[in-house]
Amino acid sequence: MDLKTLCIHGCGTKYDTTGAISVPIFQSATFAHPGVGKSTGFDYSRQQNPTREYLEKTVAALECGSDALAFSTGMAAETALMELFSPGDHIIASDDLYGGSHRLFRHISEKNGITVDFVNTSDAAGIESHILPHTKAVFIETPTNPMMQVTDIAAVAEITKRHGLLLIVDNTFLTPYFQQPLKLGADIVLHSGTKYLGGHNDTLAGFIVVSDALLSEKLRCISKTTGACLSPFDSWLLIRGIKTLAIRMEQQQKNTIKIADWLCSHHKIKAVHYPGLRSHPGYSISKKQATGFGAMISFETDSENTAVQILERVEIIQYAESLGGVESLITYPMLQTHADIPKEEREAKGINERLLRLSVGLESADDLIADLKHALDEA
Ligand SMILES: *Cc1c(COP(=O)(O)O)cnc(C)c1O
């Protein structure tokens, strides 16, 4: 089935007999048993809930996985994922990651005895030299946040398979509509469902998707034990958001291409990072492994002053954390998403006082460009 149809009709499972077109919100903490030792398949909502199950099956189908688990946030999903590892284990991660992932590894995982090395995974071959006897996984984000570096998923999968490591891909930026890492050899896909899957800046969610039965069993046990599951109502919001995922991704990408081209031509913009630009170093790998480039751009202004003035003068675009929704949002990675990363490390990656990140929404591209022009020309 085409992804466009799958987004709208989901996994197709019916949980009620009324013919309701919209999946009901089963707002129940617990479920009665038909007899001693018997179950309807639903016992307690931390473990299973029909609304959440419908969503999980839908996300698993979109990512070509066998199972998906829905969590209350992307970080809750990542925290549960880290429970697969034990003290003494070592993980190799992209050196340009979502700030929260970096903080989780540095401040929680390391305290729990798991060591993490941050390396430039856009150089896939370079990963091999960082593998230690106790390395268990490679964790990548592609494109990365905020520098939009692209990692060759299949090339990394070849290395992780050869060394018996798990390959984990945070697929938040492109979503399964544009990129399906499990098909490229990844073992685990991670999502902040708060972003494009939800799509409306109105709810938080996270997902882990796998295609291996043993991994699914381990993660189900972790999830029911640690308990950060997605609520029935938020599950329903995600089901509703996903219905328009395809059309949103297409249109937001179209807007982004227009805006990226416009930014490239402005004299106060010194660099534009968007994998859809032919000049981007990840352009050809993106073409090979994804069907789209997404709708995230970062760009460098000529001065700190210009960056600050853009943030203060945009009117349609809003200065706020997060991304992937219908509303365009602009962030200052240095002060917001990446504030906890040590200064030298941050600056070495190009996350400086001149860098802004733009999540392009569904407004008219012309209005968005006019908004940026107004903010820049006065700057
Ligand atoms: C937002 C984000 C997360 C964290 O997700 P939350 O839903 O905010 O907890 C993880 N990875 C990426 C790439 C993100 O953008």
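In this convention, every chain numbers its residues from 1, walking through the sequence in written order. Totals for whole chains, interfaces and linings use all residues, but because this is a predicted model, local features are given only for residues with pLDDT of at least 70 and pairs of side-chain atoms are given and counted only at 80 or more. Only hydrogens and water are removed before side-chain values are computed, so all heavy atoms of the structure are retained for them.

### As for the sheet that holds strand β8 (residues 269–273)
Note the cut-off: Here, any two strands with at least 2 DSSP bridges between them count as paired. Under the scheme used here, helices are H or I runs from DSSP no shorter than 4 residues and strands are E runs no shorter than 2 residues, and both carry numbers assigned from the N terminus. For this analysis, residues touch if any pair of their heavy atoms sits within 4.5 Å. Here the axes come from fitting lines to C-alpha atoms, over the contacting stretch only for helices, and the angles between their N-to-C directions go from 0 to 180 degrees.
In space, the five strands of this open sheet follow the order β8-β9-β12-β11-β10, with mixed pairing throughout. Every other strand in the sheet has two partners, leaving β8 and β10 (318–319) as the edge strands with one partner each. Pairing of β8 with strand β9 (residues 296–301) involves four bridges; the strand directions are antiparallel. Looking across to β9, one finds that His273 is bridged to Ser298. Together, β8, β9 and β12 (355–359) form the strand contacts of helix α9 (residues 245–264), whose direction differs from that of β9 by roughly 10°.

### Notes on the nonpolar core
Nonpolar side chains in soluble globular proteins generally cluster together in the buried interior. We count it as follows: Buried residues of nine kinds, namely Ala, Val, Leu, Ile, Met, Phe, Trp, Tyr and Cys, make up a nonpolar core once their side-chain atoms join them within 4.5 Å. Between buried and exposed lies partly exposed: a residue is buried under 20% and exposed over 50% of the maximum accessible area for its type, with that area taken using a 1.4 Å probe on protein chains only. Where a domain begins and ends is set by an automatic assignment or by a domain database.
In this structure, Leu55 and Phe207 are the most contacted members of the largest nonpolar core, which totals 34 residues. The element that contributes the greatest number of residues to this core is helix α2 (residues 50–62), accounting for five residues. Mapped onto the domain boundaries, this core takes at least three residues apiece from domain 1 (3–243) and domain 2 (245–378). The contact partners of Phe207, leaving out residues within four places of it in the chain, are Leu55, Val59, Leu69, Ala70, Ala77, Val189, Leu190, His191, Gly193, Leu197 and Leu238.

### Looking at the site of the ligand
Counted only if it meets this: Proximity is defined per residue: any heavy atom of the residue falling within 4 Å of a molecule or strand makes that residue near it. Polar contacts, as counted here, are pairs of nitrogen or oxygen atoms within 3.5 Å of one another; within protein the pair requires one atom able to donate a hydrogen and one able to accept it, and residues that are adjacent in sequence qualify only if both atoms are side-chain atoms. A 1.4 Å probe and the Shrake-Rupley method give the accessible areas. Residues count as covered only by the protein chains that appear here. The pocket and cavity definitions rest on a 1 Å grid over protein atoms only: a 1.4 Å probe that fits but cannot leave marks a cavity, an open set with protein on both sides within 12 Å along at least five of seven lines marks a pocket, and residues lining either have an atom within 4 Å of a point. Cavities and pockets are treated as containing a molecule whenever more than half of the molecule's atoms lie within 2 Å of their grid points.
Around the ligand, a shell composed of 13 residues is seen, among which Met75, Asp170, Ser192, Thr194 and Lys195 lie nearest. Here Ser192 contributes a side-chain N or O atom positioned 2.8 Å from an oxygen atom of the ligand. A distance of 2.7 Å separates an oxygen atom of the ligand from a polar atom in the side chain of Lys195. In the complex, the protein chains occlude 93% of the 380 Å² of accessible area that the ligand would expose alone. The site holding the ligand turns out to be the largest pocket.

### Quick look at the packing of helix α3 (residues 74–82) against helix α4 (residues 99–109)
Just so we agree on the cut-off: When describing relative orientation, an angle under 35 degrees is termed roughly parallel and one over 145 degrees roughly antiparallel, while 65 to 115 degrees is termed roughly perpendicular and anything else oblique. Left-handed describes a crossing in which the near helix is turned anticlockwise from the far one by less than a right angle; the clockwise case is right-handed. Residues were grouped as follows: Ala, Val, Leu, Ile, Met, Phe, Trp, Tyr, Cys and Pro as nonpolar; Asp, Glu, Lys and Arg as charged; and all remaining residues, including Gly, as polar.
Axis separation between α3 and α4 bottoms out at 11 Å; the angle between their running directions is 40°. By the angle class used here, α3 and α4 are oblique. The two elements α3 and α4 meet at a crossing, and its hand is right-handed. Across from Met75, Glu78, Thr79 and Met82 in α3, the residues of α4 making contact are Gly100, Ser101, Leu104, Phe105 and Ser109. Among the residues making up the contact of α3 with α4, the classes are represented as four nonpolar, four polar and one charged.

### Things to note about empty space enclosed by the protein
Note the following rule: Grid points are joined across faces, edges and corners, and a volume is the space filled by probe spheres set on the points.
Applying the stated criterion to the full structure yields four cavities of 30 Å³ or more. Of the pockets and cavities examined, the largest cavity occupies roughly 50 Å³. Together, Asp95, Asp96, Leu97, His102, His338, Ile341, Glu345, Arg346, Lys349 and Ile351 line the largest cavity. For the lining of the largest cavity, the class distribution of residues is three nonpolar, two polar and five charged. Two domains share the lining of the largest cavity, each providing at least three of its residues, namely domain 1 (3–243) and domain 2 (245–378).

### Describing the packing of α9 against helix α13 (residues 365–377)
Two elements in contact, α9 and α13, have axes separated by 9 Å at closest approach and are oriented at 30°. Relative to α13, α9 is oriented roughly parallel. In this structure, α9 meets α13 at a crossing whose hand is right-handed. Across the interface between the two elements, Asn255, Lys258, Ile259, Trp262 and Leu263 from α9 touch Ala365, Asp366, Leu368, Ile369, Leu372, Lys373 and Leu376 from α13. Looking at the contact of α9 with α13 residue by residue, the classes come out as eight nonpolar, one polar and three charged.

### Things to note about the state of the cysteines
Where we set the bar: A pair of cysteine sulfur atoms is labelled a disulfide when the two atoms are within 2.5 Å.
Taken as a whole and assessed by the stated rule, the structure comprises zero disulfides. Here Cys64 is not disulfide-linked; the sulfur of Cys7 is the nearest cysteine sulfur, at 12 Å. As a non-bridged cysteine, Cys221 has Cys229 as the owner of its nearest cysteine sulfur, 14 Å distant. For Cys221, a relative accessible area of 42% puts it in the partly exposed group.

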